[in-house]
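Reading the structure
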Amino acid sequence: MPTLDNQAEYWNSAGTAKTFGHPLDPAWLAGLDRSAALLDYGCGYGRLAGELAALGFTDVEGVDVAPALIARARAEQPAARFTVLTDPPRLAHADAALDAVLLFAVLTCVPGDAAQRDLVAELHRVLRPGGLLYVSDYGLQPDERNRERYARFAEQYGRHGVFETGDGAVCRHHTREWLDELLGAFDPVAERTLPVRTMNGRPAVATQLLVARR
């Protein structure tokens with residue numbers, strides 16, 4: 001069974017072939033100076049970091065637990081910096097060092113309550129007061145396939161919405177109530193829902209939330 005808090009083995013093997021497609025809304029970052037310090041946590045192969053650099057941001061870093069994905073990111077997105085996380089969610093950044101953090105389809109890959117709380121607390125630590133956290137992730141999906149696997153794995157993992165994929169990952173889809181609780185130390189700024197494709201190419205609906213550190 002994969003370790004829920006850190007599935008680096010998966011992301012260094014089957015995960016290297018995945019495609020991540022949650023879209024970035026540049027308008028949500030329009031108030032930031034182009035020299036703002038930005039971090040893409042769980043950056044994968046650096047897609048979003050590349051988009052941020054293309055928007056003119058000059059201080060962009062991506063971090064991820066998978067050395068294989070970081071190696072690809074460094075090759076494909078030379079305008080950004082990339083770091084392998086060796087003790088997630090711990091970051092080397094000082095308190096209040098960052099202006100914005102992106103957290104795209106990461107919570108789904110960190111299914112445990114405690115692990116999610118630790119991650120969000122760490123991001124709160126490194127963001128300056130008023131700094132932005134841009135979250136994009138999955139709520140509970142209404143289709144029959146997802147409802148069936150939520151029910152099938154609920155007893156095993158002790159949480160409705162946690163499930164195993166066919167290729168070895170453990171993922172989580174969230175209630176809105178949980179996301180609101182998780183982000184309780186932040187102030188809401190904007191939100192939207194939108195259609196996306198999962199890492200396995202299936203249609204889904206994502207929730208995007210922009211919140212500011214108190």
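Shown above is the structure to which this text applies.
Model, not experiment: these values are computed from the prediction.

Brief notes about the packing of aromatic side chains
All told, the structure shown has 5 aromatic pairs when counted by the stated rule. Relative to Y45, the ring of F20 has its centre 5.3 Å away and its plane inclined at 15°; by these criteria the two rings are stacked. Placement of F20 in the loop between α1 (8-11) and β1 (37-41) and of Y45 in the loop between β1 and α2 (47-54) is noted, with a sequence separation of 25 residues between them. In this structure Y45 comes out as buried when scored by relative accessible area, which is 9%. Pairing Y150 with F163 gives two aromatic rings, centres 6.1 Å apart and planes at 50°, and the pair type is tilted. Taken together, the positions of Y150 in helix α5 (residues 144-157) and F163 in strand β6 (residues 162-164) put the pair 13 residues apart, joining distant regions of the chain. As far as the burial class goes, Y150 and F163 line up, both buried. Each residue in the set W28, F104 and Y134 is aromatic and connected to the rest through ring pairs, giving one cluster.

Observations concerning the pairing of strand β3 (residues 81-84)
Of the pairings in the sheet, the one linking strand β2 (residues 59-64) to β3 comprises 4 bridges and is parallel in character. Across the sheet, residue V63 finds its bridge partner in β3, namely T83. Crossover β2 to β3 through helix α3 (residues 67-76) is right-handed.

Examining the side chain of D137
Looking at the element boundaries, D137 is found in strand β5 (residues 127-138). R172 provides the closest opposite charge to the buried, salt-bridge-free D137, at an N-O distance of 8.7 Å. Reaching out from D137, the side chain makes a polar contact with the backbone nitrogen of V106 at a distance of 3.3 Å. A distance of 2.9 Å separates a polar atom in the side chain of D137 from the backbone nitrogen of L107. Setting aside anything within four residues of it in sequence, one finds D137 in contact with H22, A105, V106, L107, T108, R172, H174, A206 and T207.

Considering helix α4 (residues 113-126)
Since there are 3.6 residues in each turn of an α-helix, residues three or four apart along the chain are aligned in direction. In this model, α4 (14 residues) spans 20 Å end to end at C-alpha, consistent with the 20 Å of a helix rising 1.5 Å per residue. Looking only at α4, the buried set comprises A115, Q116, L119, V120, E122, L123, H124 and V126.

Conventions adopted
- Residues numbered from 1 in each chain as written.
- Predicted model: local features only at pLDDT ≥ 70, side-chain atom pairs only at ≥ 80, totals over all residues.
- Heavy atoms only, no water.
- Phe/Tyr/Trp six-rings, centres within 6.5 Å; stacked < 30°, edge-to-face > 60°.
- Helix = DSSP H or I, 4+ residues; strand = E, 2+ residues; numbered from the N terminus.
- Buried < 20%, exposed > 50% of the residue type's maximum accessible area, 1.4 Å probe, protein only.
- Pairing = 2+ DSSP bridges.
- Right-handed = clockwise from strand over helix to strand, strands pointing away.
- Lys, Arg positive; Asp, Glu negative; His and termini not counted.
- Salt bridge = Lys/Arg side-chain N within 4 Å of Asp/Glu carboxyl O.
- Polar contact = N/O pair within 3.5 Å; in protein donor to acceptor, adjacent residues only side chain to side chain.
- Contact = heavy atoms within 4.5 Å.
- Expected span 1.5 Å × (residues − 1).

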